[in-house]
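These are the residues of each chain, in order.
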Amino acid sequence: MSQYAPAAFESKLCPPEQLAERLQQLARPLVFTNGCFDILHRGHVTYLAQARALGASLVVALNTDASVRRQGKGDDRPINPLAHRAAVMAALESVSLVTWFDSDTPHALILTARPDVLVKGGDWPVDKIVGSSEVLAWGGSVHSIPFLFQTSTTQTLERIRAAGH
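Let us look at the structure shown here. None of these values were measured; they are calculated from a predicted model.

Topic: the packing of aromatic side chains
Stage number 1. Counted by the stated rule, this structure contains 0 aromatic pairs.
Stage number 2. For Arg114, the ring lying beneath its charged end belongs to Trp138, and the centroid distance is 4.2 Å.

Put into structure tokens, the structure is as follows:
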């Protein structure tokens, strides 16, 4: 038996079937975002801090490994498995709760969470953000946050692979 207790941030991990119950403990307005967040970089953490600033709590829904593979990001993606990506995400101060989804979109989780604010990165026009029509219909807002740092996991991996040759 380990002498170390689980890290406190692990309490932020929330299986999807527990989401409705756990959301009741979060302050509103509730902000919801989603993504792969495979290799966390400055662009990610800046974006997440900006998303969190739009409300009192931030829920991040991660694509499962199978869902990431279906996104066409590369045969070796994700680099980090869901358990690792979720733990790193939960350790961020700006993140209130981390859950995940195995489908191609987080639509079902958005309907469960009923966020006050729905957010994606600047490469997503508001009208293309999954769940935007529903969130707007119940009086919420939808934001596409412009990127402040032009970095991506795909670009980082390309540089790593190029350095190896």
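Back to the text.
Points about the side chain of Arg77
Stage number 1. If you trace the backbone, Arg77 turns up in the loop between helix H3 (65-70) and helix H4 (82-90).
Stage number 2. Looking at Arg77, the relative accessible area reads 4%, which means it is buried.
Stage number 3. Within polar-contact distance, the side chain of Arg77 engages the side chain of Asp38 at 2.7 Å.

Points about the pairing of strand E4 (residues 117-121)
Looking down a regular strand, the side chains alternate between one sheet face and the other.
Stage number 1. The buried fraction of E4 amounts to 5 of the 5 residues, a majority that puts the element mostly inside the structure.
Stage number 2. Both strand E1 (residues 30-35) and E4 contribute to a ladder of 2 bridges, which runs parallel. Across the sheet, Phe32 pairs through a bridge with Leu118, a residue of E4.
Stage number 3. The pairing of E4 with strand E5 (residues 141-145) spans 5 bridges and is parallel. Bridge pairing in E5 places Gly121 opposite Ile145.

Thresholds, definitions, all that
- Residues numbered from 1 in each chain as written.
- Predicted model: local features only at pLDDT ≥ 70, side-chain atom pairs only at ≥ 80, totals over all residues.
- Heavy atoms only, no water.
- Phe/Tyr/Trp six-rings, centres within 6.5 Å; stacked < 30°, edge-to-face > 60°.
- Lys NZ or Arg CZ within 6 Å of the ring centre and 35° of its normal.
- Helix = DSSP H or I, 4+ residues; strand = E, 2+ residues; numbered from the N terminus.
- Buried < 20%, exposed > 50% of the residue type's maximum accessible area, 1.4 Å probe, protein only.
- Polar contact = N/O pair within 3.5 Å; in protein donor to acceptor, adjacent residues only side chain to side chain.
- Pairing = 2+ DSSP bridges.

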